[in-house]
Amino acid sequence: MLWQQFLIILALTAISLVIFYYIRITILLRYKINKNYLLVALIILFALPFLFAKKYRALQWIQYIQVLLVSLTFLSYMEIARIDKAEKNKPIIGRPKAKPSRIKNKKSK
C-alpha cells in the first residue's frame, strides 16, 4: 500500500512537471499574466476539497486531479513571480547622455 502511494505521488510529480514546462513554453513566456489571478485560483483550488469533501470522498481520481491542478497553479505562480522579478531588475537601455562640447586649449602661432 505504501509503495502504491509513493508511485502515485511520483507519477503525479512527473506529469505535473511535464505539463508545467509545456504551459511555460506556450503560455507563460508569451503572454503577460497577472500573478494575482493565479493567487486567487490557488486559493479557490485549496478551498474546493473542503467544500465538496463529503460528496466526492469516494472518488480518488478527483483528488488526484485537484493535487495536479494545485501543483500546476503553484508552479505557474512561482514562474510568473520569477519573470516579474527579472523584468524589474533589467537594466534600462536608452540613449547615452550627450557630452558637453569642450573647447580645447590651442596654442596660437
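Residues numbered from 1 in each chain as written. Predicted model: local features only at pLDDT ≥ 70, side-chain atom pairs only at ≥ 80, totals over all residues. Heavy atoms only, no water.

(A) Region of interest: the overall build of the chain. Secondary structure summary: the chain contains three helices and zero strands in total. Counted from the first residue to the last, the chain has its helices and strands arranged as α-α-α. Residue burial in the chain is summarised as follows: out of 109 residues, 17% are buried. A separation threshold of at least 6 residues defines the contact pool for the chain, and within that pool the share at least 24 residues apart is 88%. Accessible area of the chain: about 10200 Å², with a carbon and sulfur share of 67%. (Helix = DSSP H or I, 4+ residues; strand = E, 2+ residues; numbered from the N terminus. Buried < 20%, exposed > 50% of the residue type's maximum accessible area, 1.4 Å probe, protein only. Contact = heavy atoms within 4.5 Å. Areas by Shrake-Rupley, 256 points an atom, 1.4 Å probe, with all protein chains shown as cover.)

(B) Layout of the environment of Ile 8. Relative to the elements of secondary structure, Ile 8 occurs in helix 1 (residues 2-28). A relative accessible area of 30% means that Ile 8 is categorised as partly exposed. As for Ile 8 and Tyr 64, which are separated by 56 residues in sequence, their C-alpha atoms are 8.9 Å apart.

(C) Spatial organisation of the environment of Phe 74. Looking at the secondary structure, you find Phe 74 in helix 3 (residues 60-88). Residues Phe 74 and Ala 41 lie 33 residues apart in sequence; the distance between their C-alpha atoms is 9.5 Å.

(D) Focus on the packing of aromatic side chains. This model, assessed by the stated rule, comprises two aromatic pairs. Ring plane angle 90° and centroid distance 6.2 Å describe the contact between Trp 3 and Phe 6, whose orientation is recorded as edge-to-face. Within this pair, Trp 3 and its partner Phe 6 are both found in helix 1, separated by three residues, close to a single helical turn. (Phe/Tyr/Trp six-rings, centres within 6.5 Å; stacked < 30°, edge-to-face > 60°.)

(E) Main features of the packing of helix 2 (residues 35-51) against helix 3. Where helix 2 meets helix 3, the closest approach of the two axes is 9 Å, and the angle between their N-to-C directions is 160°. The orientation of helix 2 relative to helix 3 falls into the category roughly antiparallel. The hand of the helix 2/helix 3 crossing is left-handed. Every residue of helix 3 that contacts helix 2 at Lys 35, Leu 38, Leu 39, Ala 41, Leu 42, Leu 45, Phe 46, Leu 48 and Pro 49 is listed here: Gln 66, Leu 69, Val 70, Thr 73, Phe 74, Ser 76, Tyr 77, Ile 80, Ala 81 and Asp 84. Across the contact of helix 2 with helix 3, the residue classes break down as 14 nonpolar, three polar and two charged. (Axes fitted to C-alpha atoms, helices over the stretch in contact; angles between N-to-C directions. Parallel < 35°, antiparallel > 145°, perpendicular 65-115°, else oblique. Left-handed = near helix turned anticlockwise from the far one by under 90°. Nonpolar A, V, L, I, M, F, W, Y, C, P; charged D, E, K, R; others polar.)

(F) Here's a closer look at a nonpolar patch on the surface. Judged by side-chain polarity, Trp 3, Phe 6, Leu 7 and Leu 10 come together as a nonpolar surface patch covering roughly 500 Å² of accessible area. Mapped onto the elements of the fold, Leu 10 is located in helix 1. (Patch = residues over 30% accessible without salt bridge, like charges linked within 9 Å, V, L, I, M, F, W, Y side chains within 5 Å. Salt bridge = Lys/Arg side-chain N within 4 Å of Asp/Glu carboxyl O.)

(G) A look at the pattern of salt bridges. One pass over the full model with this rule turns up four salt bridges. With its nearest N and O atoms 2.9 Å apart, the salt bridge here joins Lys 32 to Asp 84. Linking Lys 32 in the loop between helix 1 and helix 2 with Asp 84 in helix 3, this pair joins segments that are 52 residues apart in sequence. Note on Lys 32: relative accessible area 63%, which makes it exposed. Note on Asp 84: relative accessible area 22%, which makes it partly exposed. The partner of Lys 32 in a salt bridge is Glu 87, with the nearest N and O atoms 3.8 Å apart. Remark: Glu 87 occurs in helix 3 and Lys 32 occurs in the loop between helix 1 and helix 2; sequence separation between them is 55 residues. The exposure class assigned to Glu 87 is partly exposed, which follows from its relative accessible area of 44%.

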